[in-house]
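# A closer look at the structure
Residue strings, one per chain:
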Amino acid sequence: MILTLKSGVKKSDVDALTRKIRELGLTPHLSRGAVKVIIGVIGENEHKYKSVLESFDSVESATPILKPYKLVSREFRKENSVIDARGALIGGTRVAVMAGPCSVDTRDNLFTCARAVKKSGAHFLRGGAFKPRTSPYSFQGHGLAALKILAEARKMTGLPVITEVMDTRQVETVARYVDILQVGARNSQNFDLLKEVGQSKKPVLLKRGMANTIEEWLMSAEYVVSRGNKNVILCERGIRTFENSTRFTLDLNAIPVLKHLTHLPVVVDPSHGVGVRDYIPAMALAAVAAGADGVILEVHPKPTEALSDGPQALLPVMFDDLMQDLRRIAEAVGRSL
Ligand code: PEP
Ligand code: MN
């Protein structure tokens, strides 16, 4: 249920109301919009308490949220959420570009890549340390050593860093080294992991599970937000269909659908969604044209040496060309890059 408070409500009134909500065994989630203060009231049978809460003088209206996800819904927050990751914004007018290798392999390759993507205008550096591989015999990531290399690259370039966290036991360590925690497609419904990153102070980029509906994905986001971490970025990365000429089918439909259903920023990952180097730029441009708040792209200076996802890595020169085209598309849809 959403409580919209009257304009100019006093802090003591808000406190009294949140106390009452807790007394009823419910959880209040406060959100200060541009004009109004809104309290999301979450709990079992919350609708039963509608009239009790409406009787408070400070309450203008109490509206039940009928969707199964609440805090991430557009009903809960009309304005788009803008997420700040170490000073770089996602969800504002600027389209965010995250770029880097699938996985951190050598220090040299990562540094070369970081310098190149920075020079071309990327805003974030990506790189996997813990890799969710289909085969247990494939490269699993350099783990802690890779986190340290990423932190060095951040120092060198000033780019905030994003990396995947696969396990609840890794969250604290990964959060110490990087600026955005990525939850991968294969872990999109790992509810314990979602609860754990929900308690982190770091923003979370939540990929769509390859067989998840948009509603299921939003429920996953709700797990994170309901644990207290409001800084969730959704990332469309392709779904499984019968089509096999590309690695997955990038569901660009998801962009306008999500913009309607949720206030969370939406980023698109055409690298995994398409999986074929030469087709990726077109889909990155299409994502921005369709209203994505950002793109995340795999780039590698020597794709043949990459320990994962070499065939979908853009060469730095391709990434540079793409950035110029992205800038034009961003401007055409009233944004910047
Ligand atoms: C990745 O970003 O390298 C990755 C493994 O992505 P996904 O979880 O979308 O497959
Ligand atoms: Mn990858």
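Parameters and conventions
Residues numbered from 1 in each chain as written. Chains lettered and ligands numbered in written order. Predicted model: local features only at pLDDT ≥ 70, side-chain atom pairs only at ≥ 80, totals over all residues. Heavy atoms only, no water. Helix = DSSP H or I, 4+ residues; strand = E, 2+ residues; numbered from the N terminus. Rg over C-alpha atoms; globule rule 2.2 N^0.38 Å. Contact = heavy atoms within 4.5 Å. Areas by Shrake-Rupley, 256 points an atom, 1.4 Å probe, with all protein chains shown as cover. Donors = N, O, S within 2.8 Å, 3.2 Å for Na, K, Ca; no water. Buried < 20%, exposed > 50% of the residue type's maximum accessible area, 1.4 Å probe, protein only. Domains from an automatic or database assignment. Near = heavy atom within 4 Å. Polar contact = N/O pair within 3.5 Å; in protein donor to acceptor, adjacent residues only side chain to side chain. Core = buried A, V, L, I, M, F, W, Y, C linked by side-chain atoms within 4.5 Å. Salt bridge = Lys/Arg side-chain N within 4 Å of Asp/Glu carboxyl O. Axes fitted to C-alpha atoms, helices over the stretch in contact; angles between N-to-C directions. Parallel < 35°, antiparallel > 145°, perpendicular 65-115°, else oblique. Left-handed = near helix turned anticlockwise from the far one by under 90°. Nonpolar A, V, L, I, M, F, W, Y, C, P; charged D, E, K, R; others polar.

Right, let's talk about the overall build of the chain for a bit. Within the chain one finds 11 helices and 14 strands. Here the C-alpha atoms of the chain give a radius of gyration of 21 Å, agreeing with the 20 Å that 2.2 N^0.38 yields for 337 residues. In terms of principal-axis extent, the alpha carbons of the chain reach across some 65 × 45 × 40 Å. The contacts of the chain with a sequence gap of at least 6 include a subset with a gap of at least 24, amounting to 69%. Surface accessibility of the chain: about 14600 Å² in total, with carbon and sulfur atoms responsible for 52%.

Distances from the manganese ion (ligand 2) to its protein donors, Cys102 (SG), His272 (NE2), Glu298 (OE) and Asp309 (OD), fall within 2.0 to 2.3 Å. Summarised as a motif, the one-chain spacing of the donors to the manganese ion (ligand 2) is C-x169-H-x25-E-x10-D. Highlighted residues: His272 in helix α9 (residues 270-274) and Glu298 in strand β14 (residues 294-298), separated in sequence by 26 residues. Grouping residues by exposure puts His272 and Glu298 together as buried.

Its domain assignment divides the chain into domain 1 (2-63) and domain 2 (83-332). When each unit is reduced to the centre of its C-alpha atoms, the spacing between domain 1 and domain 2 is 36 Å.

Our focus in this paragraph is the site of ligand 1. Around ligand 1, a shell composed of 13 residues is seen, among which Arg126, Lys131, Ala185, Arg186 and Arg237 lie nearest. At 2.9 Å from an oxygen atom of ligand 1 is found a side-chain nitrogen or oxygen belonging to Lys131. Between Glu298 and ligand 1, the recorded distance is 3.3 Å, taken from a side-chain N or O atom to an oxygen atom. Starting from 300 Å² of accessible surface for ligand 1 in isolation, the protein chains cover 97%.

Before going further, it helps to spend a moment on the nonpolar core. Grouped burial of nonpolar side chains is what soluble globular proteins tend to show. Among the nonpolar cores identified, the biggest contains 76 residues, and Val117, Val197, Leu234, Phe319 and Leu326 are the most heavily contacted of them. Mapped onto the domain boundaries, this core takes at least three residues apiece from domain 1 (2-63) and domain 2 (83-332). In this structure, Met98, Phe124, Ile162 and Ile233 belong to the second largest nonpolar core, which totals 14 residues.

Looking now at the pattern of salt bridges. With the rule as written, the count across this model stands at 18 salt bridges. Lys11 is the partner of Asp15 in a salt bridge, and the nearest nitrogen-oxygen pair spans 2.9 Å. Taken together, the residues Asp15 and Lys11, both in helix α1 (residues 11-23) and four residues apart, mark about one turn of the helix. Its relative accessible area of 29% is what places Asp15 among the partly exposed residues. For Lys11, a relative accessible area of 60% translates into the label exposed. Ionic pairing is found between Arg328 and Asp325, a salt bridge with its closest N-O pair at 2.7 Å. Taken together, the residues Arg328 and Asp325, both in helix α11 (residues 316-332) and three residues apart, mark about one turn of the helix. Taking the relative accessible area as the measure of exposure, Asp325 reaches 29% and is therefore partly exposed.

We now examine the packing of helix α3 (residues 107-120) against α11. Across the interface, α3 lies against α11 with an axial gap of 9 Å and an inter-helix angle of 25°. What the angle tells us is that α3 and α11 run roughly parallel. Relative to α11, α3 is oriented so that their crossing is right-handed. Along its contact with α3, which presents Ala116, Val117 and Ser120, the element α11 presents Pro316, Phe319, Asp320, Met323 and Arg327. Looking at the contact of α3 with α11 residue by residue, the class counts come to five nonpolar, one polar and two charged.

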